[in-house]
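Residues per chain are reported as follows:
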Amino acid sequence: MERNQMQMHRQIATIRKSLFDQGYLDEQFVQLEELQDNSNPNFVEEVVTLFYRDSARFLYNLDQALEKRPLDFSRLDSLMHQFKGSSSSIGAKKVKIECTHFRDYCNARNTEGCQDKLGPSRRHAGPDKSFGF
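Numbering of residues begins from 1 in every chain and follows the order in which that chain's sequence is written. Where totals are concerned, whole chains, interfaces and linings use all residues; where local detail is concerned, this predicted model gives features only for residues with pLDDT of at least 70, and gives and counts side-chain atom pairs only at 80 or more. Where side-chain values are given, they derive from all heavy atoms of the structure, hydrogens and water being excluded.

Going by what an unreviewed UniProt entry lists, the chain is known as Histidine-containing phosphotransfer protein and is assigned to Cynara cardunculus var. scolymus. UniProt positions are given in the numbering used here, feature names are shortened, and annotations may be inferred rather than shown by experiment. As stated in UniProt under Function (unreviewed entry), the record for the chain gives "Functions as a two-component phosphorelay mediators between cytokinin sensor histidine kinases and response regulators (B-type ARRs). Plays an important role in propagating cytokinin signal transduction."

Here you go:
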């Protein structure tokens, strides 16, 4: 059993390092890890799980907003601002960057940019492979 645990810890460390090396995570994730202690040993897992749940809701709301015409750029920007904040709080660096790009399209009132940015980027994140993570 100890050997299996050691192997699992090595695999986790390798995956974690890879996520940092590829730019998916930033130093905010390290700060999140530092908040975990013996009184709450699953803290990081719980926070990341909540992030994924929130991400699904944000992306659903964005999809719905992108279906309406004319586009409400203010609403889209507000939704993406919230998503960016959530991403920043857990250190999801690539998601945060994608959010910034999307908000730039909102500020430019660029309909095609918003649609194009959300579509392709959804291949890279989360449990549903969306938005850079």
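Colleague: Go over the confidence of the model for the chain, please, and point to the residues and values.
Modeller: Confidence scores per residue from the predictor, reported as pLDDT, run from 0 to 100. Taken residue by residue, the chain gives an average pLDDT of 89. The fraction at 70 or more is 88%. Contacts of residues 123-133 to residues separated by more than four positions or lying in other chains number 42 contacts, the stretch itself having pLDDT below 50. The contact definition used throughout considers only heavy atoms, calling two residues in contact when any of these lie within 4.5 Å.

Colleague: Describe the packing of helix H4 (residues 73-90) against helix H5 (residues 93-107), with residues and values.
Modeller: Angles run from 0 to 180 degrees between N-to-C directions of axes, and those axes are lines fitted to C-alpha atoms, restricted for helices to the stretch in contact. Each helix corresponds to a stretch of at least 4 residues labelled H or I by DSSP, and each strand to a stretch of at least 2 residues labelled E; elements are numbered beginning at the N terminus. Between H4 and H5, the shortest axis-to-axis distance is 9 Å and the interhelical angle comes to 165°. The angle between H4 and H5 places the two elements in the roughly antiparallel class. Every pair of crossing elements has a handedness; the one defined by H4 and H5 is left-handed. The segment H4 lies against H5, with Phe73, Leu76, Asp77, Met80, His81, Phe83, Lys84, Ser87 and Ser88 engaging Val95, Lys96, Cys99, Thr100, Phe102, Arg103, Cys106 and Asn107. Of the residues contributing to the contact of H4 with H5, the split by class is eight nonpolar, five polar and four charged. Every angle not falling under 35 degrees, over 145, or within 65 to 115 is termed oblique; those three ranges are roughly parallel, roughly antiparallel and roughly perpendicular. We call a crossing left-handed when the near helix sits turned anticlockwise from the far one by less than a right angle, and right-handed when that turn is clockwise. When residues are sorted by character, Ala, Val, Leu, Ile, Met, Phe, Trp, Tyr, Cys and Pro go into the nonpolar class, Asp, Glu, Lys and Arg into the charged class, and all the rest, Gly among them, into the polar class.

Colleague: So, the pattern of salt bridges: which residues are in play, and what are the values?
Modeller: Note on definitions: salt bridges are taken to be side-chain nitrogens of Lys or Arg within 4 Å of carboxyl oxygens of Asp or Glu. Enumeration over the complete set of coordinates arrives at six salt bridges. Lys117 is the salt-bridge partner of Glu98, the closest N and O atoms lying 3.0 Å from each other. Highlighted residues: Glu98 in helix H5 and Lys117 in helix H6 (residues 111-121), separated in sequence by 19 residues.

Colleague: Please provide a residue-by-residue account of the packing of aromatic side chains, values included.
Modeller: Any two rings among Phe, Tyr and Trp, with Trp reduced to its six-membered ring, count as a pair given centres within 6.5 Å; such a pair is stacked if its planes are under 30 degrees apart, edge-to-face if over 60, and tilted if neither. Taken as a whole and judged by the stated rule, the model has four aromatic pairs. One aromatic cluster is present, built from ring pairs that chain together Phe51, Tyr52, Phe58 and Phe83. Any Lys NZ or Arg CZ that is within 6 Å of a ring centre and within 35 degrees of that ring's normal is treated as a charge sitting over the ring. The residue whose ring lies beneath Arg57 is Phe58, and the NZ or CZ to ring-centre distance is 4.8 Å. Above the plane of the ring of Tyr24 lies Lys94, whose end atom (NZ or CZ) is 4.3 Å from the centre.

Colleague: Lay out the nonpolar core with the relevant residues and their values.
Modeller: Joining through side-chain atoms within 4.5 Å is the link that ties buried Ala, Val, Leu, Ile, Met, Phe, Trp, Tyr and Cys residues into a set, and such a set is a nonpolar core. Partly exposed describes any residue whose relative accessible area lies between the buried limit of under 20% and the exposed limit of over 50%, with all areas from a 1.4 Å probe on protein chains only and scaled to the type maximum. In terms of nonpolar packing, the biggest core is built from 25 residues, with Leu62, Leu76, Phe83 and Phe102 touching the most fellow members. Not counting residues up to four positions away in its chain, the partners in contact with Leu62 are Leu76, Leu79, Met80, Phe102 and Leu118.

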